[in-house]
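# Per-entry structural report
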Amino acid sequence: MPEWEYRYYSYNAHWDENEQMASMRDGEGDHYFALFQPNGLIIKGFDQRFNQVHGPHDVLQVCLTNLRDF
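Predicted model, so just to flag it, every value in this text is computed and none were measured.

With that settled, consider the overall build of the protein chain. Each helix and strand in the protein chain was counted, giving two helices and four strands. Walking the protein chain from its N terminus toward its C terminus, one meets helices and strands in the order β-β-β-β-α-α. Relative to its full complement of 70 residues, the protein chain shows a buried share of 13%. Within the protein chain, residue pairs in contact and separated by at least 24 positions form 0% of the contacts whose partners lie at least 6 positions apart. For the protein chain, the accessible area works out to roughly 6,100 Å², and carbon and sulfur atoms hold 57% of it.

About the thresholds
- Residues numbered from 1 in each chain as written.
- Predicted model: local features only at pLDDT ≥ 70, side-chain atom pairs only at ≥ 80, totals over all residues.
- Heavy atoms only, no water.
- Helix = DSSP H or I, 4+ residues; strand = E, 2+ residues; numbered from the N terminus.
- Buried < 20%, exposed > 50% of the residue type's maximum accessible area, 1.4 Å probe, protein only.
- Contact = heavy atoms within 4.5 Å.
- Areas by Shrake-Rupley, 256 points an atom, 1.4 Å probe, with all protein chains shown as cover.

Here you go:
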């Protein structure tokens, strides 16, 4: 298995008790980190192309619009 710093995608089914982790790093700044727990999912990420066109308020507006019908 490749060393951590050379991986593009990573997944750990035993991140912690009752937790799983998935991540992606492209080496150019884009990344995400996802933590799966029995009661839900947390995702943190960054996409530099999106941030060059949109600002943080645009992300919030898109999230609110998409979650309105959820």
